[in-house]
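What follows is the residue order along each chain.
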Amino acid sequence: MPSANQDRRTTEFDRETYVKMLISIARADKNNSLPEYRFIRKQAIGLGVDYEQVLKETDRNFEIGTHNVSRLTALRVLKDAIMIASMDGNFTLPEKQKLYTYAEKLDIPRTDVDDLETLVGQLKALDQRWKELVAGHPDE
């Protein structure tokens, strides 16, 4: 049964809030560096969001979960947070715990987060297979 907060949500994807939430997540982990911010910048540009402006406007006090967002926006934020956390090839327990905290603030059940983690792993495996296919068969 959806929570009262989910009942008030729109079904639309909120591009700017999505980018702000990713920036907030990236800033929360002091170990994030250029690759993580490049990923967010690429996402913003792909969505037509002025990354530099949103980066400047998103202060350190921006709270994920204090904004009513659609389930689509929340899931996309969480999916990309998993992508960011696993960029170094190691999705650690502290990163996973942070993700569960974000999910709770966004009213997304833990089981859905676990499903997202599985999907992200499958996406990465598919991307790797694609790269191998494009590279051809050097042994032949």
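These notes cover the structure that comes with them. Bear in mind the structure is a predicted one, so any value in this text is a computation, not a measurement.

**Here we look at the packing of helix α5 (residues 71-85) against helix α7 (residues 110-135)**
In contact at an axis separation of 9 Å, α5 and α7 are set at 55° when each is read in the N-to-C sense. Regarding the angle of α5 to α7, the classification is oblique. Helix-helix and strand crossings are classified by hand; for α5 and α7 the assignment is right-handed. Along its contact with α5, which presents Arg71, Leu75, Leu78, Lys79, Ile82 and Met83, the element α7 presents Asp112, Val113, Leu116, Glu117, Val120 and Lys124. Of the residues that constitute the contact of α5 with α7, the class distribution is seven nonpolar, no polar and five charged.

**With respect to the packing of aromatic side chains**
Enumeration over the complete set of coordinates arrives at one aromatic pair. Plain terms: the ring middles of phenylalanine 13 and tyrosine 18 are 5.3 Å apart, the flat faces sit at 50° to each other, and that makes the pair tilted. Note on phenylalanine 13: relative accessible area 23%, which makes it partly exposed. Exposure remark for tyrosine 18: the relative accessible area of 0% places this residue in the buried category. Lying across the ring of tyrosine 18, arginine 76 places its NZ or CZ 5.0 Å from the centre. Taking NZ or CZ as reference, arginine 110 lies 3.8 Å from the ring centre of tyrosine 100, over its face.

**Here's the deal with the pattern of salt bridges**
Evaluation of the coordinates by the stated rule reveals seven salt bridges. A salt bridge links lysine 20 to glutamate 16, with the shortest nitrogen-to-oxygen separation between them at 3.6 Å. Residue lysine 20 and its partner glutamate 16 are both found in helix α2 (residues 15-28); the two are separated by four residues, about one turn of the helix. What makes glutamate 16 partly exposed here is its relative accessible area of 39%. With a closest N to O distance of 3.2 Å, glutamate 117 and lysine 96 form a salt bridge. Residue glutamate 117 is located in helix α7, and its partner lysine 96 is located in helix α6 (residues 93-105); the two are separated by 21 residues in the primary sequence. Bridged by salt links that share partners, the residues Arg76, Lys79 and Asp80 form one connected network.

Cut-offs and rules
- Residues numbered from 1 in each chain as written.
- Predicted model: local features only at pLDDT ≥ 70, side-chain atom pairs only at ≥ 80, totals over all residues.
- Heavy atoms only, no water.
- Axes fitted to C-alpha atoms, helices over the stretch in contact; angles between N-to-C directions.
- Helix = DSSP H or I, 4+ residues; strand = E, 2+ residues; numbered from the N terminus.
- Parallel < 35°, antiparallel > 145°, perpendicular 65-115°, else oblique.
- Left-handed = near helix turned anticlockwise from the far one by under 90°.
- Contact = heavy atoms within 4.5 Å.
- Nonpolar A, V, L, I, M, F, W, Y, C, P; charged D, E, K, R; others polar.
- Phe/Tyr/Trp six-rings, centres within 6.5 Å; stacked < 30°, edge-to-face > 60°.
- Buried < 20%, exposed > 50% of the residue type's maximum accessible area, 1.4 Å probe, protein only.
- Lys NZ or Arg CZ within 6 Å of the ring centre and 35° of its normal.
- Salt bridge = Lys/Arg side-chain N within 4 Å of Asp/Glu carboxyl O.

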